[in-house]
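Below, each chain spelled out in residue letters.
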Amino acid sequence: QVNLVESGGGLVHPGDSLTLSCTASRRTSVMGWFRQAPGKDREFVARLEWEGTSRTYARSVKGRFTISGDNADNTVYLQMNRLNSEDTAVYYCVADGRRNVQRGVMPFGYQYWGQGTQVTVSS
């Protein structure tokens, strides 16, 4: 079992920036982020594979968001720039300890989930 603790959400204006963080209770193979807006399904945002620090982004955030991590502390960050109203959602940290798994963008590809942190972008 892996516990995930997220922080950093809040209310910002369009064009502003925000950084989320997530710390896992133990080492995993991959950590990342999903988000869920009201009335919508959970959407993949980004992931970081610790081996080689491979990073993957959703098309909707590529070029604006950056995922990074500190492996020693089992912590990942999501730097979000040029935020707009479409980014308003609950952001969930995810992690998975399995190796050699072809993970896509579906939620079932990730074993562990945090409680979520609210990000609201409003003028």
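Refer to the structure above for everything that follows.
Before going into details, it helps to say that this report is about the structure given with it. All values derive from a computational prediction rather than experimental measurement. (Residues numbered from 1 in each chain as written. Predicted model: local features only at pLDDT ≥ 70, side-chain atom pairs only at ≥ 80, totals over all residues. Heavy atoms only, no water.)

### Side note on unusual backbone geometry
- With phi around 55 degrees, N74 is a residue other than glycine that occupies positive phi space.
- With respect to the element layout, N74 can be found in the loop between β7 (65–70) and β8 (75–80).
- Of note, the phi angle at R82 is positive, near 50 degrees, even though the residue is not glycine.
- Along the chain, the position of R82 falls in the loop between β8 and β9 (89–96). (Helix = DSSP H or I, 4+ residues; strand = E, 2+ residues; numbered from the N terminus.)

### Focus: the pairing of strand β1 (residues 4–7)
- Residues L4 and E6 line the buried face of β1, whereas the alternating positions V5 and S7 sit on a face that is not buried.
- Bridge count between β1 and strand β3 (residues 18–24): four bridges; the pairing is antiparallel. Paired with E6 across the strands is C22, a residue of β3. (Buried < 20%, exposed > 50% of the residue type's maximum accessible area, 1.4 Å probe, protein only. Pairing = 2+ DSSP bridges.)

### Quick word on a nonpolar patch on the surface
- Residues V105, M106 and F108 make up a contiguous nonpolar surface patch of about 350 Å² in total accessible area.
- Examined against the element boundaries, V105 turns out to sit in the loop between β9 and β10 (112–113). (Patch = residues over 30% accessible without salt bridge, like charges linked within 9 Å, V, L, I, M, F, W, Y side chains within 5 Å. Areas by Shrake-Rupley, 256 points an atom, 1.4 Å probe, with all protein chains shown as cover. Salt bridge = Lys/Arg side-chain N within 4 Å of Asp/Glu carboxyl O.)

### Description of the state of the cysteines
- Following the criterion strictly, the structure yields one disulfide and no others.
- Residue pairing for C22: its cysteine sulfur links by disulfide to C93, the two sulfurs lying 2.0 Å apart. Between C22 and C93 the sulfur-sulfur dihedral comes to about -85 degrees; the bridge is accordingly left-handed. Note that C22 is positioned in strand β3 and C93 in strand β9, a separation of 71 residues in sequence. Pair check on accessibility: C22 and C93 agree, each one buried. (Disulfide = S-S within 2.5 Å.)

### Some details on the environment of R42
- With respect to the secondary-structure elements, R42 resides in the loop between β4 (30–36) and β5 (43–49).
- A relative accessible area of 33% places R42 in the partly exposed class.
- Considering only alpha carbons, one finds R42 and V90, 48 residues apart in sequence, at a separation of 9.1 Å.
- Those residues in contact with R42 that sit more than four places away from it in its chain are F34, R35, Q36, Y92 and W113.
- A polar contact is formed between the side chain of R42 and the side chain of Q36, at a distance of 3.1 Å. (Contact = heavy atoms within 4.5 Å. Polar contact = N/O pair within 3.5 Å; in protein donor to acceptor, adjacent residues only side chain to side chain.)

### Things to note about the nonpolar core
- Ranked by size, the top nonpolar core spans 34 residues in total, and within it L4, M31, W33, L78, M80 and Y91 carry the most contacts.
- Broken down by secondary-structure element, the contributors of at least two residues to this core are β3, β4, β5, β7, β8, β9 and β11 (117–121).
- Residue contributions to this core peak at five residues, all from β9.
- Residues contacting Y91, with those up to four places away along its chain left out, are E6, L20, W33, F34, R35, V45, F65, L78, M80, G116, T117 and V119. (Core = buried A, V, L, I, M, F, W, Y, C linked by side-chain atoms within 4.5 Å.)

### Points about the sheet that holds β3
- Ordered by their spatial adjacency, four strands build an open sheet running β1-β3-β8-β7, and the pairing between neighbours is antiparallel. The sheet terminates laterally at β1 and β7, the two strands that pair on one side only. Each neighbouring strand pair of the sheet contributes to a mean axis angle of 15 degrees, computed without reference to strand direction. (Axes fitted to C-alpha atoms, helices over the stretch in contact; angles between N-to-C directions.)

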